[in-house]
2 protein chains.
Amino acid sequence: MTAPLLNDSFLRACLRQPTEHTPVWLMRQAGRYLPEYCATRARAGSFMGLATNVDYATEVTLQPLERYPLDAAILFSDILTVPDAMGLGLSFAQGEGPRFAHPLRDEGAIRALAVPDLAKLRYVFDAVGSIRRALNGRVPLIGFSGSPWTLACYMVEGGGSDDYRLVKTLMYSRPELMHHILAVNADAVAAYLNAQIDAGAQAVMVFDSWGGVLADGAFQAFSLAYTRRVLAQLKREAGGQRVPAIVFTKGGGPWLDEIADSGADVVGLDWTVNLTQARARVGARVALQGNLDPNVLFAPPQAIQAEACKVLDAFGPPQRADGGWDGHIFNLGHGISQYTPPEHVSALVEAVHAHSRTLRQRPHTTNGA
Amino acid sequence: MTAPLLNDSFLRACLRQPTEHTPVWLMRQAGRYLPEYCATRARAGSFMGLATNVDYATEVTLQPLERYPLDAAILFSDILTVPDAMGLGLSFAQGEGPRFAHPLRDEGAIRALAVPDLAKLRYVFDAVGSIRRALNGRVPLIGFSGSPWTLACYMVEGGGSDDYRLVKTLMYSRPELMHHILAVNADAVAAYLNAQIDAGAQAVMVFDSWGGVLADGAFQAFSLAYTRRVLAQLKREAGGQRVPAIVFTKGGGPWLDEIADSGADVVGLDWTVNLTQARARVGARVALQGNLDPNVLFAPPQAIQAEACKVLDAFGPPQRADGGWDGHIFNLGHGISQYTPPEHVSALVEAVHAHSRTLRQRPHTTNGA
């Protein structure tokens, strides 16, 4: 038995239903900018030690909710757990990004790739259940995975990259091998997200962090087609509730219309996108999530509040002139920086809640309608 | 006395005049992928040793033209020569990006910033004159600079950056200081480009390499406004010839219309932009330059040719159904990688010339009109 949801504003906004304020959560909200997170991570010894331990993962997931009145929690994990379960050997060196011990560099390894035994990812599903119990209905819990393309970038490059030379060389030279990786990734991600939903995730998000490095045409063929393949396989309901699916393509502004038609309930946007225009184009089909530049959080609180209001004003009052509602979830356009002063996050969350309530009192406009 | 121009296809395309083929040049075409460049650089001892020596700069500028039938030469220099002349102390450590010894980190240093004495940049203007003589009319010579915003990124960060934290903190916290830097940069860049034109540059390009990291709204206020300020001050004619101005904003796709209205003759595009749509939107106002992903050059020649044809086909035949011409200059959407096999560049240039000639024989379509 799970407790009833006390604050469902996030889920309602995802489904373009009325809310009293604009819900807000922050990508990477459980992270290194919080001293309590750093303390737990030190006890865990390593990032993977933290992510694979149910108690630690639960603890850090809830830390930002103790500080700020955020409207959603997101599972503490990494986008690369699936390829790790495929046997690529994920690790995080101190102060560096992810590394795979066994990147995909030859045809044999690529042909041998298969959807992993989900039992290897049990630590994730156990964490989802544990976090749901710890949340006790405060806010909904978001599960997530990297997108098939984004996983493939790391799997081929072996880690982060400046130029994506190896993965793009494979893509342009041996597209059939690339498609094989992506098909396996898509089926694995779908199974992984469905297991998170079974374990209690109330929404799921696909992070296409590197979709935006692709050329027009290649994005549709090598990234979006496989995100669609994930979405088509997802359970969209659990316990009688719709489980919204969010797709976030960093740098995906040029393909907003196509992403909005992918089957997602919500499209995440980075800060380069004009939210007024985005709502006018796709707001009747999907909710929008975003899109403050995380660097705004280095400015003084007054400037943070002004920039947050600009984002809310750009979307406009979510209720349309015709009485229906469009959906906006406030977020950053990228993960929060480790250098963010924690008290600045308070200023942001307060401003979003306060200004979005004010905005709902304004007379209807045609903004975004 | 300068020799008459034997191949003016680049200049004609910039001005949306008829050409027999689509002209092609490559950003960073004189660079580390060429063994002869590496040999000259080794003799020069350092990057700045190369850039500040007129004979070396002339030699490496012409190297790619000896190998490939490119339709334009671009001055060998760096986008950061102007802040170096302002006293910030530019250097390039082996295998690393640019570094400033004296980045702008306090209000005093920012307030003291001024347009530099152009005599400090005489090595650039001397190189322009020397290259023009060496080219002897083969193809036109492009001069260039970083944009005011892009220069400011490096000047504040002190080098490259992953997150632009320092420069964005300044921008969001002390916008008036940021505007001061940008105004000085704009006036300095304009004077610098005008001096290049006086020395013989037949076109100029403003590289807004980091404009795309800005949020919608911030881009217009902190990048595009100052690119406009540069363009408004430029000499647009020399020796009775129009001197086209090219603006390239990496990641600038979301703001294509506004960039096209900046006063530029040509807008450079990266590979995320759909060239058919871009032409339909702004092709009647400006020529377009781009937009192949440089990673295509790691694929086998046949795949390179296919991708080059896709780019040319996306723009379509430059002559419109009404008999007028739109302009397309083929280029990469970013500088060529140092790992590019030189023979692959031959395949690209040949494909562009051959296919663009074929395209001109096709019956007119409404594509892009």
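Source: prediction; values computed, not measured.

### As for the overall build of chain A
- Summing up its helical and strand segments, chain A has 15 helices and 11 strands in all.
- Projected onto its principal axes, the C-alpha positions of chain A cover 60 × 45 × 40 Å.
- Residue burial in chain A is summarised as follows: out of 369 residues, 55% are buried.
- In chain A, the share of contacts with a sequence separation of at least 24, taken over all contacts with a separation of at least 6, comes to 73%.

### Section: the nonpolar core
- In this structure, Ile142 of chain A together with Ile142 of chain B are the most contacted members of the largest nonpolar core, which totals 247 residues.
- Those residues in contact with Ile142 of chain B that sit more than four places away from it in its chain are Ala72, Ala73, Ile74, Leu75, Ala201, Ala203, Val204 and Met205 of chain B.

### A word on the sheet that holds strand E8 (residues 245-249) of chain A
Residue and element names in this part refer to chain A.
- Spatial ordering of the open sheet is given by E1-E4-E5-E8-E9-E10-E11, a layout of seven strands whose pairing is parallel. Edge positions in the open sheet fall to strand E1 (73-74) and strand E11 (328-332), since each of these has one partner strand only.
- Inspection of the sheet shows strand E10 (residues 287-292) paired to E11 by five bridges, in the parallel sense. Bridge pairing in E11 links Gly290 to Phe330.

### A word on the sheet that holds strand E10 (residues 287-292) of chain B
Residue and element names in this part refer to chain B.
- Taken in spatial order, the seven strands of this open sheet run E1-E4-E5-E8-E9-E10-E11, and their pairing is parallel. Two strands bound the open sheet, and with one partner strand each, they are strand E1 (73-74) and strand E11 (328-332).
- The sheet strands contacting helix H11 (residues 218-233) are strand E5 (203-208) and strand E8 (245-249), and the helix crosses E5 at an angle near 165°.

### Description of the relation of the copies chain B and chain A
- The transformation that overlays chain B on chain A combines an axial shift of 0.0 Å with a rotation of 180°, and the residual RMSD is 0.0 Å. One copy is carried onto the other by what is essentially a two-fold rotation axis. Relative to the rotation axis, the closest C-alpha in chain B is found at Pro254 of chain B, a distance of 3.4 Å.

### Thoughts on the pairing of E8 of chain B
Residues and elements named next belong to chain B.
- With five of its five residues buried, E8 lies for the most part within the structure.
- Neither face of E8 is exposed, since Ala245, Val247 and Thr249 on one face and Ile246 and Phe248 on the opposite face are all buried.
- Pairing between E5 and E8: five bridges, direction parallel. Of the residues in E8, the one forming a bridge with Val204 is Ala245.
- Strand direction decides the pairing type here: E8 and strand E9 (residues 266-268), joined by three bridges, are parallel. Counted as the bridge partner of Ile246 is Val266 from E9.

### A look at the interface of chain B and chain A
- Taken together, the contacts link 29 residues of chain B with 29 residues of chain A.
- Taken together, the elements giving at least two residues each to the side of chain B that touches chain A come down to helix H9 (165-173) and helix H14 (301-315) of chain B.
- Considering every element that reaches the side of chain B that touches chain A, the biggest residue donor is H9 of chain B, with five residues.
- For the side of chain B that touches chain A, the residue count by class is 12 nonpolar, 10 polar and seven charged.

### Topic: helix H11 (residues 218-233) of chain A
All names here are of chain A.
- For H11, built from 16 residues, the straight-helix expectation of 22 Å at 1.5 Å per residue is met to within 8% by its first-to-last C-alpha distance of 23 Å.
- The principal kink in H11, of about 35°, is found at Leu224.
- Those residues of H11 not exposed but buried are Ala218, Phe219, Phe222, Ser223, Leu224, Tyr226, Thr227, Arg228, Val230 and Leu231.
- Those residues of H11 that are buried are in contact with helix H8 (148-157), helix H9 (165-173), helix H10 (175-199), strand E5 (203-208), E8 and helix H12 (256-260).

### Some remarks on the confidence of the model for chain A
- In the predicted model, chain A carries a mean pLDDT of 96, and the fraction of residues at 70 or more is 98%.
- Quick note on the complex model: pTM equals 0.95, ipTM equals 0.94.

### Quick look at the packing of helix H7 (residues 122-135) of chain B against helix H10 (residues 175-199) of chain B
All names here are of chain B.
- Close contact between H7 and H10 brings their axes to 8 Å; oriented N to C, the two are set at 30°. In terms of orientation, H7 and H10 fall into the roughly parallel class. Handedness of the H7/H10 crossing: right-handed. Judged by residue contacts, Val124, Phe125, Val128 and Gly129 of H7 engage Ala195, Gln196 and Ala199 from H10.
- Classifying every residue of the contact of H7 with H10 by side-chain character gives five nonpolar, two polar and no charged.

### Description of unusual backbone geometry
- At the junction of Gly290 of chain A and Asn291 of chain A, the peptide bond is cis and its omega measures out at -5° in the coordinates.
- Not every positive phi belongs to a glycine, and Arg16 of chain A is a case in point at roughly 60°.
- Checked against the element boundaries, Arg16 of chain A lands in the loop between helix H1 (9-14) and helix H2 (35-44).
- Assessed through the 23 C-beta atoms surrounding it within 10 Å, Arg16 of chain A is described here as buried.
- Non-glycine residue Asn136 of chain B carries a positive phi angle of around 55°.
- For Asn136 of chain B, the position within the fold is in the loop between H7 and strand E4 (141-146).

### Structural notes on the pairing of E5 of chain B
All names here are of chain B.
- Burial analysis of E5 places six of its six residues in the buried class, which makes it a mostly covered element.
- The two faces of E5 match: Ala203, Met205 and Phe207 on one face and Val204, Val206 and Asp208 on the other face are all buried.
- Relative to E5, E4 runs parallel, the two sharing five bridges. Within E5, the position partnered with Gly143 by the bridge is Val204.

Thresholds, definitions, all that
Residues numbered from 1 in each chain as written. Chains lettered and ligands numbered in written order. Predicted model: local features only at pLDDT ≥ 70, side-chain atom pairs only at ≥ 80, totals over all residues. Helix = DSSP H or I, 4+ residues; strand = E, 2+ residues; numbered from the N terminus. Buried ≥ 20, exposed ≤ 12 C-beta atoms within 10 Å, placed from the backbone. Contact = placed C-beta atoms within 7 Å. Core = buried A, V, L, I, M, F, W, Y, C linked by C-beta atoms within 7 Å. Pairing = 2+ DSSP bridges. Axes fitted to C-alpha atoms, helices over the stretch in contact; angles between N-to-C directions. Least-squares fit on C-alpha atoms with pLDDT ≥ 70 in both. Nonpolar A, V, L, I, M, F, W, Y, C, P; charged D, E, K, R; others polar. Expected span 1.5 Å × (residues − 1). Bend = angle between axes of the 7 residues up to and from the residue. pLDDT = per-residue confidence, 0-100. Parallel < 35°, antiparallel > 145°, perpendicular 65-115°, else oblique. Left-handed = near helix turned anticlockwise from the far one by under 90°.

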